[in-house]
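Inside the fold
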Amino acid sequence: VRGIGTVVNVGTVLLGTVVGALVGNRLPERVRSTLLSGVGLMVLVIGVQQALRTDNVVFPLAGLMIGAIAGELLHLEDRLDALPASSDGFVAASLVFCVGPLTILGSIQDGLGGAGHAQLLFVKAALDGLVAMVFASTLGWGVALSAVTIVVVQGGLTLFAGAADRVLTTRMIDEMSAAGGVIMLGIGLRLLDLRKVRVGSFLPALVVVPLLVAAFAR
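An account of the accompanying structure is given in this report. Keep in mind it's a predicted model, so treat the numbers as computed, not measured. (Residues numbered from 1 in each chain as written. Predicted model: local features only at pLDDT ≥ 70, side-chain atom pairs only at ≥ 80, totals over all residues. Heavy atoms only, no water.)

**Notes on helix 11 (residues 205-216)**
Selection criterion: In this text, helices come from DSSP runs of H or I with a minimum length of four residues, and strands from runs of E with a minimum of two, each type numbered from the N-terminal end. Helix span, as expected, comes to 1.5 Å for every residue beyond the first. Three exposure classes are used, based on accessible area relative to the maximum for each residue type with a 1.4 Å probe and protein chains only: buried under 20%, partly exposed in between, and exposed over 50%. Note on contacts: a residue pair qualifies if any of its non-hydrogen atoms lie within 4.5 Å across the two residues.
Taking 1.5 Å as the rise per residue, helix 11 with twelve residues should run 16 Å; its terminal C-alpha atoms sit 16 Å apart, in good agreement. Within helix 11, burial applies to A205, L206, V208, V209, P210, L212 and V213. Residues of helix 11 that are buried in the fold lie against helix 3 (58-73), helix 5 (87-98) and helix 10 (170-191).

**Here we look at the packing of helix 1 (residues 4-24) against helix 8 (residues 146-159)**
This is how the line gets drawn: Orientation is described by lines fitted to C-alpha atoms, with helices fitted over the stretch in contact, and by angles between N-to-C directions that extend from 0 to 180 degrees. Throughout, the term roughly parallel applies to angles under 35 degrees, roughly antiparallel to angles over 145, roughly perpendicular to angles from 65 to 115, and oblique to all others. Amino acid classes used here: Ala, Val, Leu, Ile, Met, Phe, Trp, Tyr, Cys and Pro are nonpolar; Asp, Glu, Lys and Arg are charged; the rest, including Gly, are polar.
Direction vectors running N to C along helix 1 and helix 8 enclose 170°, while the axes themselves pass 10 Å from each other. Taken together, helix 1 and helix 8 sit at an angle that is classed as roughly antiparallel. Contacts between helix 1 and helix 8 pair T6, N9, V10, V13 and L14 from the former with S146, A147, I150, V151, Q154, G155 and T158 from the latter. Across the contact of helix 1 with helix 8, the residue classes break down as six nonpolar, six polar and no charged.

**So, the environment of R53**
Applicable threshold: The definition of a polar contact used here is a pair of N or O atoms within 3.5 Å, where within protein one atom must be able to donate a hydrogen and the other to accept one, and adjacent residues in sequence count solely through side-chain atom pairs.
Its location among the elements puts R53 in the loop between helix 2 (29-51) and helix 3. R53 sits in the partly exposed class, given a relative accessible area of 29%. Distance from R53 to I4, taken between C-alpha atoms, is 29 Å for residues 49 residues apart in sequence. Among residues more than four places away in sequence, those in contact with R53 are P101, D174 and S177. Within the local environment of R53, its side chain forms a polar contact with the side chain of D174, the two groups lying 2.6 Å apart.

**A look at unusual backbone geometry**
A positive phi angle, close to 55°, is found at H75, a residue other than glycine. As for its position among the elements, H75 is in the loop between helix 3 and helix 4 (76-81). The backbone of D193 shows a phi angle near 60°, a positive value even though the residue is not glycine. With respect to the helices and strands, the residue D193 is situated in the loop between helix 10 and helix 11.

**Topic: helix 10**
Here helix 10 spans 31 Å end to end across 22 residues, near enough to the 32 Å set by a 1.5 Å rise per residue. Burial analysis of helix 10 places 17 of its 22 residues in the buried class, which makes it a mostly covered element. D193 lies just past helix 10 and shows a positive phi near 60°.

Quick look at the structure:
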């Protein structure tokens, strides 16, 4: 069944959130703080790995600058902060779960069908469930909202897999992943309480970068 990968992914994230949020309240504050630091460090590692996917740093840099201007004009960070649930949990989880080649390639593969079409998303679902558990134990119920992002991003790519496969080139995916990696570095800095980067304002860069690649990459 096409789309089963996203359905399973949403289920594991919600289950991980419930378990993490319920268990997290029973853990001592020092344990939760250490867990959050561990997640923050790992997010930095993932961010660096993704950022290094770029073939030309100008694309993610320009995309981030244009995206930041658009994001600030649209007050994206302020709107996220106004959410009833924790915006830190929502933004952090959404980026970790939906930025990267596994999300894009897995969703397109699932949408195109064929043998083992949802295999990549099943692997991603298992990993996301574990991460959601750790996130929720420290960041709370806001992590559950990332399920909406998964539905929109992965579900959309799966639904329009044929068009996405024709439009999104490997170069576009790499440069978009690089921009997402830089944004994830901002998330890592926030989780480590080093600097409150307004990561929400950079989100439009994930749309801008592929457009820049389409227009200027040779």
